[in-house]
Amino acid sequence: VKINGSFTYLRKDGLLEVYTSMDSVYVRKNIQKKISHYNRSMSKNKFSEFRFSYLRKTIQLLKKHGEVYLVRMPIHASLLKIENSFDPQFDKRIMNLANKTNVDYLNFADNATQYSYTDGNHLYINDAKIFSNQLAERIKILID
């Protein structure tokens, strides 16, 4: 399917592949839009204990069916800075949740510069595949 200059393809295995222009001007413009959106929405929002409690319940439900991992995916450094200013205790809060629910927290936020982003928080398809492999390797280490 072609949408706004992007091409998307839903594979049989469930992966939605999105191919978009990675022209530096186009990407920079997309990232700036996302930064503006984050800044507007973050100023209106606050941490939700209600939603956090449902994350805990979701983990407990999923653990009945297999291994559960909490993953903080990499995002562009500008967006990470906004997220961290919104909730400076995020990583501590998630680590505590992981400990209480006996799951692993895999934080890739510090690896942000290793990847290319289409808009700041969506990885470019080739980098998404690289990240998926790195995530799988990290989980494999935990299992072994």
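Residues numbered from 1 in each chain as written. Predicted model: local features only at pLDDT ≥ 70, side-chain atom pairs only at ≥ 80, totals over all residues. Heavy atoms only, no water.

Please clarify how the side chain of lysine 34 should be interpreted in this entry.
Along the polypeptide, lysine 34 turns up in helix α1 (residues 24-44). Once residues lying within four places of it in the same chain are set aside, the contact partners of lysine 34 are Leu79, Asp119, Asn121 and His122. (Helix = DSSP H or I, 4+ residues; strand = E, 2+ residues; numbered from the N terminus. Contact = heavy atoms within 4.5 Å.)

Looking at this model, I keep getting lost on helix α5 (residues 125-143). Mind explaining?
For an α-helix the count is 3.6 residues per turn, leaving residues at separations of three or four pointing the same way. For α5, with 19 residues, the first-to-last C-alpha span of 27 Å sits near the 27 Å given by 1.5 Å per residue. Residues of α5 that are buried: Ile125, Asp127, Phe131, Leu135 and Ile139. Projected onto a plane normal to the axis of α5, the buried residues spread over an arc of 145 degrees and lie on a single side. Residues of α5 that are exposed and point over 90 degrees away from its buried face: Asn133 and Ile141. Those residues of α5 hidden inside the fold are in contact with β3 (16-19), β4 (69-72) and β5 (104-107). (Expected span 1.5 Å × (residues − 1). Buried < 20%, exposed > 50% of the residue type's maximum accessible area, 1.4 Å probe, protein only. Arc of directions from axis to C-beta.)

Looking at this model, I keep getting lost on unusual backbone geometry. Mind explaining?
Negative phi is the rule for most residues except glycine; trans is the rule for most peptide bonds. Positive phi, close to 60 degrees, is recorded for asparagine 102, a residue that is not glycine. Its location among the elements puts asparagine 102 in the loop between α4 (90-101) and β5. Classification of asparagine 102 as exposed rests on a relative accessible area of 66%.

How do you make sense of the pattern of salt bridges when you look at a structure like this?
A side chain of one charge can pair with a side chain of the opposite charge if their charged atoms are brought near each other. Counted according to the given criterion, the structure contains six salt bridges. In this structure, arginine 72 and glutamate 83 form a salt bridge, with 3.0 Å as the shortest nitrogen-oxygen distance. Here glutamate 83 lies in helix α3 (residues 77-86) and arginine 72 lies in strand β4, a separation of 11 residues in the sequence. Judged by relative accessible area, which is 8%, arginine 72 ranks as buried. It is possible to trace a salt-bridge network through shared partners that takes in Arg72, Glu83 and Asp91. (Salt bridge = Lys/Arg side-chain N within 4 Å of Asp/Glu carboxyl O.)

Honestly, the packing of aromatic side chains in this entry has me stumped. Any pointers?
Aromatic ring pairs are defined here through the distance separating the ring centres and the angle between the ring planes. As enumerated under the stated definition, the model contains four aromatic pairs in all. Here phenylalanine 47 and phenylalanine 52 contribute two aromatic rings whose centre-to-centre distance is 5.6 Å and whose plane-to-plane angle is 55 degrees, an arrangement assigned as tilted. The class of phenylalanine 52 is buried, set by a relative accessible area of 10%. Judged by centre distance (6.0 Å) and plane angle (85 degrees), the ring pair of tyrosine 115 and phenylalanine 131 falls under edge-to-face. Pair noted here: tyrosine 115 is in the loop between β5 and α5 and phenylalanine 131 is in helix α5, with a separation of 16 residues, a long-range link. The two residues tyrosine 115 and phenylalanine 131 agree in class, both being buried. (Phe/Tyr/Trp six-rings, centres within 6.5 Å; stacked < 30°, edge-to-face > 60°.)

Just to check I follow, could you spell out a nonpolar patch on the surface for this structure?
Residues Phe7, Tyr9 and Tyr19 make up a contiguous nonpolar surface patch of roughly 290 Å² in combined accessible area. Note on placement: tyrosine 19 falls in strand β3. Among the residues examined, tyrosine 19 registers a relative accessible area of 30% and is labelled partly exposed. (Patch = residues over 30% accessible without salt bridge, like charges linked within 9 Å, V, L, I, M, F, W, Y side chains within 5 Å. Areas by Shrake-Rupley, 256 points an atom, 1.4 Å probe, with all protein chains shown as cover.)

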